[in-house]
Amino acid sequence: MDMSGANSLRQGPDDQGRFGQFGGRFVAETLMPLILDLEAAYRTARADDAFNAEIVHLAKHYTGRPSPLYFADRLTEAYGGARIYFKREELNHTGSHKINNCLGQILLAKRMGKTRIIAETGAGQHGVATATVCAKFGLPCTIFMGATDVERQRPNVLRMKMLGAEVRPVTAGAGTLKDAMNEALRDWVTNVESTYYLIGTAAGPHPYPEMVRDFQSVIGTELRAQMLETEGRLPDALVACIGGGSNAIGFFHPFLDDEGVAIYGAEAGGHGIDVENGHAASMTGGRPGVLHGNRTYLLQDADGQILEGHSISAGLDYPGVGPEHSFLRDSGRVKYMPITDAQALEAFQLCTRLEGIIPALETAHGLALVKAIAPTMRPDQTIVLCLSGRGDKDVESVGRLLEGQL
Amino acid sequence: MGSDRIGARFAAVKAEGRPALVTFVMAGDPDLATSQAILDGLPRAGADIIELGMPFSDPMADGVAIQLAGQRALESGQTLRQTLAMVEDFRRKDSQTPIVLMGYYNPIYIFGVDAFLAAAREAGVDGLIVVDLPPEEDGELCIPALEAGISFIRLTTPTTDDRRLPAVLKNTSGFVYYVSMTGVTGAAIANRERVGEAVRRIKAHTALPVAVGFGIKNAEDAAFIGRDADGVVVGSAIISAIADTLDDGRPTEGTVGAAHGLVAELAAGVRRARG
């Protein structure tokens, strides 16, 4: 836990796993002893120099860290206003930020003596990263993926299978990320002794939101040093896309106490925030509730039933969000804004054509938010986007959407 | 008062030298009218205590049978308010049989905890089982429920060790619900003998009755588990009996009778448990 002062926004969570009113441990009794063990094991590991050194070693030699900071000159010219930088997480091994968290958690799972790994995945990025570390560390793994997502993210399904993972399509509900998470929780409760649940986003019961944030904070910590080296000062604005919000929280967290840094999160606005069940912007269009182990902003109806949500991007298609984001929303520190499918698709194309970088559709939501913010800033200011994932996996589905235009 | 009805019922069946039959049905499955008819007839069919499921979109601790029942209920338009109204309706005809509402926290949280407890008390609800509220979250609903005179029945599981058991039992009232396995509802019990040991272990820590649920499918299971347990809980098997009669999700002539028929068999089973 960070102890940088009484007024720090970086102190959470408290002993009960709360960030203000958000977070907590809303799980079945069967899982509760395991979650307490996990927390204890995590605290011990973090205090162990050997554990931390192994993470640093793997980050450098396996993931390829630090990820570059890149000045996007042509996009800066096209959008006008602030100088646009990308933090290139898509260059990591497996193509997204997800590997940062997976390496940390698999080392923890090994320390805890677990012999089997399960995970949920939406776009498949976390599934691929999990399958990858399971291959490297020789642990069997089962990935739960909504049947709808299995269809729209076929390349990632193939990658997971080649890496030796079992991919279990989930047909319950709408067959997307929330249903995959339900099914993963059901598996966990059944195989609680042997199995480690490697959650991919900064959500779920305490200590997952804290743990995932810590493993992802390497992104923001590196960026701090890189900006000081490149520009001689901190960035003026940060932008990241938010599904559950793992890349965003790792990107934002080291800057939360720096008042001069404006911070923005792009939520999935889908067909538009006014379209009922037509978006996945839980912090713009939802309200606090309890799901998947934590209290957070959720898309739900008047009776407290959870809505499926919609996004063009399978990775943002989740009706909740990590609890620390809910806290940062209510505190006003971070501004969260919805970006529609159409805006994301347009930004996806522009970045591809101008920078030669094909971003993930998730990341394209952040790009579209940069388009809205950069022109309101001065040319001597800087805005940094967390380029959280590469778009190879989306080429097929974007191709279908752009039929006739290519 | 809520827990009085539960306590009185366990005392009555104990005097008969048998375990209580606790039956679970999902409110609104397959529709409101059929579900009310099933509920109303349960005591006559042999149920001693009724667990009434509050449907939720994301039942993370439930197997397929109860998942589908919840889905049918929600598709037919069931709400938490209607579930409370079902209890109220039942209470007009039956003032003795305890009713425990079972489900997940979010619909209650969105209804508003205080408003929900007041409405539940008014309707004649005796207890609550909320799967995703462990003792660590007692401030949310457990303490307010106890203050409102409604029992809060806790689940204990094979992973709840002796070190943790006292904390789990601390604010439990009415009875203790022992989950027979690590798993979701509707799965099969791997080792029935183990269940008896677990019940005896829990009883060493509490004077409350211990009911066992998860994986009890028929009269024979009920008789076996009922040798050691003060109550046996059957849910998925009754839900499946209902589901088997449906025509494209809609009730047929046999629907209500199928539920009550199985409950009658189970009632005979618990009466053989210690015979």
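About the criteria used
- Residues numbered from 1 in each chain as written.
- Chains lettered and ligands numbered in written order.
- Predicted model: local features only at pLDDT ≥ 70, side-chain atom pairs only at ≥ 80, totals over all residues.
- Heavy atoms only, no water.
- Helix = DSSP H or I, 4+ residues; strand = E, 2+ residues; numbered from the N terminus.
- Buried < 20%, exposed > 50% of the residue type's maximum accessible area, 1.4 Å probe, protein only.
- Contact = heavy atoms within 4.5 Å.
- Buried area = accessible area lost by both parts, 1.4 Å probe.
- Salt bridge = Lys/Arg side-chain N within 4 Å of Asp/Glu carboxyl O.
- Nonpolar A, V, L, I, M, F, W, Y, C, P; charged D, E, K, R; others polar.
- UniProt positions renumbered as here; feature names shortened; annotations may be inferred.
- Pairing = 2+ DSSP bridges.
- Axes fitted to C-alpha atoms, helices over the stretch in contact; angles between N-to-C directions.
- Right-handed = clockwise from strand over helix to strand, strands pointing away.
- pLDDT = per-residue confidence, 0-100.
- Phe/Tyr/Trp six-rings, centres within 6.5 Å; stacked < 30°, edge-to-face > 60°.
- Lys NZ or Arg CZ within 6 Å of the ring centre and 35° of its normal.
- Parallel < 35°, antiparallel > 145°, perpendicular 65-115°, else oblique.
- Left-handed = near helix turned anticlockwise from the far one by under 90°.

(A) Molecular detail of the environment of A:Arg43. All names here are of chain A. Relative to the elements of secondary structure, Arg43 occurs in helix α1 (residues 32–46). You can call Arg43 partly exposed: its relative accessible area is 34%. Separated by 325 residues in the primary sequence, Arg43 and Ala368 place their C-alpha atoms 38 Å from one another. Setting aside residues no more than four positions away along its own chain, Arg43 makes contact with His206 and Glu210.

(B) Geometry of the interface of chain A and chain B. Residue-level contacts link 37 residues of chain A with 35 residues of chain B. Of the roughly 2,800 Å² buried between chain A and chain B, counting both surfaces, carbon and sulfur atoms make up 50%. Between B:Glu140 and A:Arg18 there is a salt bridge, and its shortest N-O distance comes to 3.0 Å. Of all the secondary-structure elements, those providing two or more residues to the side of chain A that touches chain B are β2 (22–26), α1, α8 (177–190), β11 (287–291) and β12 (293–298) of chain A. In terms of residue count, α8(A) provides more of the side of chain A that touches chain B than any other element does, 7 residues in total. For the side of chain A that touches chain B, the per-class residue count stands at 16 nonpolar, 11 polar and 10 charged.

(C) Summary view of the UniProt feature "active site" (unreviewed entry) in chain B. With numbering matched to this structure, UniProt assigns "active site" (unreviewed entry) to B:Glu51 and B:Asp62. Structurally, B:Glu51 can be placed in strand β2 (residues 49–53). If we skip the residues at most four places from it in the chain, B:Glu51 touches B:Val22, B:Thr23, B:Phe24, B:Val25, B:Val100, B:Met102, B:Ile129, B:Phe175, B:Tyr177 and B:Val233. Following the sequence through the fold, B:Asp62 ends up in the loop between β2 and α3 (64–75). Among all residues touching B:Asp62, those that are not within four sequence positions of it are A:Arg186, B:Gln67, B:Tyr104, B:Val184 and B:Thr185.

(D) Examining the sheet that holds strand β6 (residues 141–146) of chain A more closely. Residue and element names in this part refer to chain A. Here we have 4 strands laid out as an open sheet, ordered β7-β6-β5-β8, and parallel in their pairing. Looking along the sheet, the strands with just one partner apiece sit at the ends: β7 (166–170) and β8 (195–197). The sheet shows a mean angle of 25° between the axes of neighbouring strands, taken without regard to direction. Taken together, the 5 bridges between β6 and β7 define a ladder with parallel strand orientation. Following the sheet pairing, Thr142 is matched in β7 by Glu166. Against the sheet, helix α4 (residues 98–111) makes contact with β5 (116–121) and β8, and its axis sits at roughly 155° relative to β8, the strand it touches most.

(E) Spotlight on the pairing of strand β9 (residues 231–234) of chain B. Residues and elements named next belong to chain B. Burial along β9 is two-sided: Gly231 and Val233 and Val232 and Val234, pointing in opposite directions, are all buried. Two elements, strand β1 (residues 20–26) and β9, share 4 bridges in a ladder whose sense is parallel. What sits directly across from Thr23, in β9, is Val234. Sheet topology places strand β8 (residues 210–213) next to β9; 2 bridges connect them, and they run parallel. Within the sheet, the bridge partner assigned to Ala211 lies in β9 and is Gly231. Where the polypeptide runs from β8 across helix α10 (residues 219–225) and back to β9, its parallel neighbour, the crossover connection is right-handed.

(F) Molecular detail of the confidence of the model for chain B. Overall, the prediction assigns chain B a mean pLDDT of 95, with 99% of residues at 70 or greater. Reported confidence for the predicted complex is 0.95 by ipTM and 0.96 by pTM.

(G) The arrangement of the packing of aromatic side chains in detail. This model, assessed by the stated rule, comprises 14 aromatic pairs over all chains. Here B:Tyr177 and B:Phe214 contribute two aromatic rings whose centre-to-centre distance is 6.2 Å and whose plane-to-plane angle is 90°, an arrangement assigned as edge-to-face. With B:Tyr177 in strand β7 (residues 176–179) and B:Phe214 in the loop between β8 and α10, this pair connects stretches of sequence that are 37 residues apart. Of the residues examined, B:Phe214 reaches a relative accessible area of 9% and is grouped as buried. Through pairs of rings, three or more aromatic residues link up here, namely A:Phe26, B:Tyr105 and B:Tyr109. Over the ring of A:Tyr70 we find A:Arg88; its NZ or CZ atom is 5.5 Å from the centre of that ring. The positively charged end of B:Arg227 is found above the aromatic ring belonging to B:Phe224, 4.1 Å away from the centroid.

(H) Local environment of the pattern of salt bridges. All names here are of chain B. Throughout the structure, instances matching the rule amount to 47 salt bridges over all chains. In this structure, Asp89 engages Lys93 in a salt bridge whose closest nitrogen and oxygen atoms are separated by 3.5 Å. Here Lys93 and Asp89 lie together in helix α4 (residues 80–93), a separation of 4 residues that amounts to about one turn. The exposure class assigned to Lys93 is exposed, which follows from its relative accessible area of 52%.

(I) Focus on the packing of α4(A) against helix α5 (residues 125–137) of chain A. All names here are of chain A. In contact at an axis separation of 9 Å, α4 and α5 are set at 40° when each is read in the N-to-C sense. Judged on the interaxial angle alone, α5 and α4 are oblique. Pair α4 / α5 crosses with right-handed handedness. Along its contact with α4, which presents Lys98, Ile99, Asn101, Cys102, Leu103, Ile106, Leu107 and Lys110, the element α5 presents Gln125, His126, Ala129, Thr130, Thr132, Val133, Cys134 and Phe137. Looking at the contact of α4 with α5 residue by residue, the class counts come to 9 nonpolar, 5 polar and 2 charged.

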